[in-house]
Structures are given as C-alpha cells and as structure tokens.
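Spelled out from the first residue to the last, the chains are:
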Amino acid sequence: MTSSSSPSQAAQRAFAQNNPEGLRADALMEEDVAWSFEIDGERDGDQFDRSERAALRRVAGLSTELEDVTEVEYRQLRLERVVLVGVWTTGTSQDAENSLAELAALAETAGALVLDGVIQRRDKPDAATYIGSGKAGELRDIVLESGADTVICDGELSPGQLIHLEDVVKVKVIDRTALILDIFAQHAKSREGKAQVALAQMQYMLPRLRGWGQSLSRQMGGGKGGGLATRGPGETKIETDRRRIREKMAKMRREIAEMKTGREIKRQERRRNKVPSVAIAGYTNAGKSSLLNRLTGAGVLVENALFATLDPTVRRAETPSGRLYTLADTVGFVRHLPHHLVEAFRSTMEEVGDSDLILHVVDGSHPAPEEQLAAVREVIRDVGATNVPEIVVINKADAADPLTLQRLLRIEKRSIAVSARSGQGIEELLALIDDELPRPSVEIEALVPYTHGKLVARAHTDGEVISEEHTPEGTLLKARVHEELAADLAPYVPAPTA
C-alpha cells in the first residue's frame, strides 16, 4: 500500500532536499514546529519560553528571614565555637592554666565561644602535630563531643603543624598569632593602624599559603616567539600568589614609611619646643586608656576587652607645678606578642623609645602581675627603650589583693598604686611625674623689662619658674630654663654686687 501526501507536504519535502539549512533555521525560530502533544504534552511542570528559562528564578520557601518581632529578639547570634589546646613545657601548672585563660579571653574578644580547653605536658611541642598523634586523636574526640568548629593552639604553629593537625581533627585550626592578628584587624581604626595590621597579616600568611587542584597548575612559560613557541614550566598559581603578596608588602612598607615621616615631624616639633614627653606602656587591658582619661580628660575608648584601643593617642598635660608635657597612650602588649606585630607597629612603638619617661601600667588585680611586667619589658627591649626612666603604675588598686600590692611595691622600687576608676593615688602620681620629668639645665635670675614680657611667658611655658616679683624696673624672674632661653635672658642678668 502506498502512502499519499498532500501537494503542500510534497513541496516542503522537495524544498528541504534542495535547501536543508533554510528549513532547519525556520524550525529553530518557530518553536511550535517542533512541538507535539504526544511527546511534549505529558511533560512534568510548567513549560517556559527561552527568555524565561535563561532568567534567574526565585525559589520559594528558602528564606530564613524572621517576621515575628519576638523571634528576632530571642534569636541568638551564631558564634564560632572553639576548643583551646596548650602545650606546657616550662613553669608550673598554674602558669600554663593562666596562659590558657588568657587565650580564652583573646578568643572571646575575637567573637568566639569557648567550649573547652586542654593542656598537655611535654618537653617540647611535637614537630608534626604540635601535641603528638595520639593526643591529636583525643582532641578530635573532644571536638566531636563538644560540636566545635575551630581549634585554637596556645603557641605559634609552623605551616606543617597546621596542616597535619587539621588533617587529624578535621576542623579549622589556628594559632595564637593568627588570633591576635584577627583581633588587631577588628580594632584598628586609623589608616596607619590598618596598614600596620595588614602588613603583619601578610607576613604571617606568606609561608602558610596552601593550594589544591588548580592552585598547583602552571602558567605558560614565555618563549621568544610567543604563542606555541613557549619554554619552561612557568609559575604555579601558589607561586603567583606569593609574588603578589610580596609586592603588596613592599607597597605597604612604603606607605607606612611615609606615615612615619609625619609622626617624626611632630616629634621634632615637640623636641624643638623642649616639651617633655611621657609614654604610657603596659599589658593589654591593664587600664592604660583609663589612666590617660583620668590624667588628661582625653575621652579615649575604655572597654573591658583585650586590645580595645590600638591607635596611639597623644594629649597635652600639665604638672602640678605648671610645666607642660605630652602624654602618649601606646598599643597594649601581651605575652608572646607576635614578632610580625612588633615589626609592623615599630613606628608606633617608637613613641616609647623617644619619650622622657615611661609609665609602665600593670594590672594589680591580675593573678600574675609579675609575668605582665616581664612580657612588657621584653617588648620595650625590642624597641630599644631600655635607657628611658620608668615608673611602675599598679592600676586597679581598689580591686587588687592587698598582699599582692605590698609585694609589688616592695619589689619595684619606683612604683605607685593607683585606681584610674576611683581616682585613688592620682594626685601622688602627678607629683611623681613632676619630680621625674627632666628639668631645664640652667638656673638663672634676671630682671626682665616689661617691654620684653615674651621672655617671661617663654620661661613659664618652656622652663620652670621658681619665683617671680614685679618691680618698678621690670619683672625679677628666677627660673630654670634651657640653654637657648638662658642666652636670651643673659643681657638682663643683674651685675654681681661687690
């Protein structure tokens, strides 16, 4: 039996044989040509046009936004849940526990929720996993039981230790240095502070870069002909990342050096005007900013947190005798302060080395204030400020143990107990600062005419006036002044009587 066909269908077949590309183009442009009820009518779901298929479509039911006000109020923020681990190599068990307690305070400052903390006694940290393979397995069990998502080690881990410990515990592992750098990154506010923290983070990150898969692929090497004429394996992606980080570090160092120039100009101006400078140094959260506010009314941020203020603050102050001086609040220190930070913040810490007097603030209520003193003095040695006179200010005396205060006052010969919160001992501290600040070297007595009153004003501003008497001929001034002002007052020194 032969099949019959309409004239139009026969014409279409003939046209398709002679012009196949044109028929295919018509079919692609007219979607109804390719649609049939037998094949397409039974498809699941809605059918979309080509433009609708390519568009972004919203999927219903995935939003977690809360509409009820009570749900918003009682919903808690999901904090990073951490387990702390330390290696106890020297000292007593109490020292190790104090160090881990400080690590817990650092973790809380960074915004983490501390679930547990463990310490292992070893002669030295394990070269592979920091705590040994067996203890690393036990740590993995603790992580599983507590539901932690991060492990923080109380020490600086090598890149190999970091990788091997993560392979065992199966969660993110960071060390004390990375934690402190994270806190500094959160709290840095000024342009210089942000640049210093960024430089320290890049120095820390450079040897710890890791790559998987495409990170180990190589770029095409450069041949003299270009195109297919290439030679050499080229750089891997991780090598490219390291090169870019080094370039950024070099740029950051140049920017910090430029900022240092501005800070140095301000210091030179103070030296030219013979203004004495006092630097407040001390352990983090010892109350340095509170003391600065109490002495000068500066209004610096005060918070019960580690490294609450990083940017140095310089304020003008006056001694009880009327002498002007500057008071600088520096960045807080901590035990095992990362050397990356010491290098990056060296320009800021130079405020300590260039000062005439250091107020070394220590927390009198801390369980081990002697350790705080030792940690800060180690950093002071690193910045070359060992020859600057020092006054140990034992802060928080109202909350400290009286026996601890007596012990510190007995050990530290040049020390005083104060409370920046209540004002206890502040007057005595101001008097001590007045006594310890360097005094002008020349003592002079001059009868200054009233037409040269600027010299008397300079003696009050730059020197120390011992006595002042107004006579018909002028102002009889007795003062300690610097050599430059002494030379200007020399013509008015009365001739000695026979």
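Being a predicted model, the structure only gives us computed values, none of them experimental.

To continue, consider the overall build of the protein chain. Along the protein chain, the regular secondary structure elements total 19 helices and 13 strands. Counting over 498 residues, the protein chain shows a buried share of 39%. For the protein chain, contacts bridging at least 24 residues in sequence account for 66% of all contacts bridging at least 6. Looking at the protein chain as shown, the accessible area adds up to about 29000 Å², and 51% of this sits on carbon and sulfur atoms.

Attention now goes to the sheet that holds strand β11 (residues 442–448). By way of backbone hydrogen bonds, the strands of a sheet pair with one another, either parallel or antiparallel. Spatially, the 3 strands line up as an open sheet ordered β11-β13-β12, and their pairing is antiparallel. What marks the edges here is a single partner per strand, and that holds for β11 and β12 (464–470). The mean inter-strand angle of the sheet, taken between neighbouring strand axes irrespective of direction, is 10°. In terms of strand pairing, β11 meets strand β13 (residues 475–481) through 7 bridges, oriented antiparallel. The partner of E443 across the bridge, within β13, is R480. Across the sheet, helix α18 (residues 453–462) is in contact with β11, β12 and β13; its angle to β12 comes to roughly 145°.

In this section: the pattern of salt bridges. Applying the stated criterion to the full structure yields 15 salt bridges. For E138, the salt bridge goes to K135, with nearest N and O atoms at 3.7 Å. Here E138 and its partner K135 are both found in helix α7 (residues 133–146), 3 residues apart, which amounts to about one turn of the helix. A relative accessible area of 44% means that E138 is categorised as partly exposed. Residue classification places K135 among the partly exposed positions, given a relative accessible area of 38%.

There is about 620 Å³ of room inside the largest pocket. Where the lining of the largest pocket is concerned, the elements lending two or more residues are β1 (80–88), α6 (93–110) and α15 (369–382). When residues in the lining of the largest pocket are grouped by element, the largest group, 5 residues, is from α15. Grouping the constituent residues of the lining of the largest pocket by class yields 12 nonpolar, 6 polar and 7 charged.

This part takes up the sheet that holds strand β4 (residues 172–175). Read across the open sheet, the 4 strands follow the order β2-β1-β3-β4; overall the sheet is parallel. In the strand order of this sheet, the two ends are held by β2 (112–121) and β4, each with one partner. Between one strand and the next, the sheet's axes are offset by a mean angle of 25°, whatever the strand orientation. In the sheet, β1 pairs with strand β3 (residues 150–153) via 4 bridges, with the strands oriented parallel.

What follows covers the side chain of S355. You can see S355 is positioned in the loop between α14 (346–353) and β8 (357–363). In this structure, S355 is in contact with S277, V278, A279 and V388, ignoring residues within four places of it in sequence.

The next point concerns the packing of helix α12 (residues 288–296) against helix α17 (residues 426–436). Their axes nearest at 11 Å, the elements α12 and α17 cross at an angle of 80°. When the axis of α12 is compared with that of α17, the two are roughly perpendicular. The segment α12 lies against α17, with L291, R294 and L295 engaging I426, L429 and L430. The residue inventory of the contact of α12 with α17, partitioned by class, reads 5 nonpolar, no polar and 1 charged.

With that out of the way, let us pick up the packing of aromatic side chains. On inspection of all chains with the given rule, the structure shows 0 aromatic pairs. Its end group placed over the ring of W88, R121 keeps NZ or CZ at 4.7 Å from the ring centre.

Here we come to the pairing of β1. Note that β1 and β2 share 9 bridges and pair parallel. Within β2, the position partnered with V85 by the bridge is V118. Handedness of the β-α-β unit built from β1, α6 and β2 comes out right-handed.

The subject of this paragraph is the environment of T129. Its location among the elements puts T129 in the loop between β2 and α7. The spatial distance from the C-alpha of T129 to the C-alpha of Q161 is 4.8 Å, given a sequence separation of 32 residues. Not counting residues up to four positions away in its chain, the partners in contact with T129 are A136, H164 and L165.

The subject of this paragraph is α6. If you check α6, its first and last C-alpha atoms are 26 Å apart, about what 18 residues at 1.5 Å a residue would give, namely 26 Å. Those residues of α6 that fall on the buried side of the exposure criterion are A96, N98, S99, L100, E102, L103, A104, L106, A107 and T109. Buried-residue contacts for α6 involve β1, β2, β3 and α9 (176–187).

For D175, the position within the fold is in strand β4. For the buried D175, no salt bridge is present, and the opposite-charge side chain at shortest range is R208, 4.3 Å distant. Within polar-contact distance, the side chain of D175 engages the side chain of Y204 at 2.8 Å. Apart from the residues within four sequence positions on either side, D175 is in contact with I152, C153, G155, E156, L157, Y204 and R208.

What follows deals with the confidence of the model for the protein chain. Here the protein chain shows a mean pLDDT of 76. Residues at 70 or above account for 73%. Note on residues 23–35: pLDDT under 50 across the span, and 7 contacts to partners over four residues away in sequence or across chains.

Time to look at α7. Compared with an ideal rise of 1.5 Å per residue, which puts 14 residues at 20 Å, α7 spans 20 Å between its outermost C-alpha atoms and is within 8% of the ideal. Taken as a whole, α7 has its buried residues at A136, L139 and V143. Viewed along the axis of α7, the buried residues span an arc of 55°, placing them on a single side of the element. Those residues of α7 that are exposed and angled more than 90 degrees off the buried face are L144 and E145. Against the buried residues of α7 lie β1, β2, β3 and α8 (159–169).

Thresholds, definitions, all that
- Residues numbered from 1 in each chain as written.
- Predicted model: local features only at pLDDT ≥ 70, side-chain atom pairs only at ≥ 80, totals over all residues.
- Heavy atoms only, no water.
- Helix = DSSP H or I, 4+ residues; strand = E, 2+ residues; numbered from the N terminus.
- Buried < 20%, exposed > 50% of the residue type's maximum accessible area, 1.4 Å probe, protein only.
- Contact = heavy atoms within 4.5 Å.
- Areas by Shrake-Rupley, 256 points an atom, 1.4 Å probe, with all protein chains shown as cover.
- Pairing = 2+ DSSP bridges.
- Axes fitted to C-alpha atoms, helices over the stretch in contact; angles between N-to-C directions.
- Salt bridge = Lys/Arg side-chain N within 4 Å of Asp/Glu carboxyl O.
- 1 Å grid on protein atoms, 1.4 Å probe; cavity = no way out; pocket = protein on both sides within 12 Å on 5 of 7 lines; lining within 4 Å.
- Points joined across faces, edges and corners; volume = space filled by probe spheres on them.
- Nonpolar A, V, L, I, M, F, W, Y, C, P; charged D, E, K, R; others polar.
- Parallel < 35°, antiparallel > 145°, perpendicular 65-115°, else oblique.
- Phe/Tyr/Trp six-rings, centres within 6.5 Å; stacked < 30°, edge-to-face > 60°.
- Lys NZ or Arg CZ within 6 Å of the ring centre and 35° of its normal.
- Right-handed = clockwise from strand over helix to strand, strands pointing away.
- Expected span 1.5 Å × (residues − 1).
- Lys, Arg positive; Asp, Glu negative; His and termini not counted.
- Polar contact = N/O pair within 3.5 Å; in protein donor to acceptor, adjacent residues only side chain to side chain.
- pLDDT = per-residue confidence, 0-100.
- Arc of directions from axis to C-beta.

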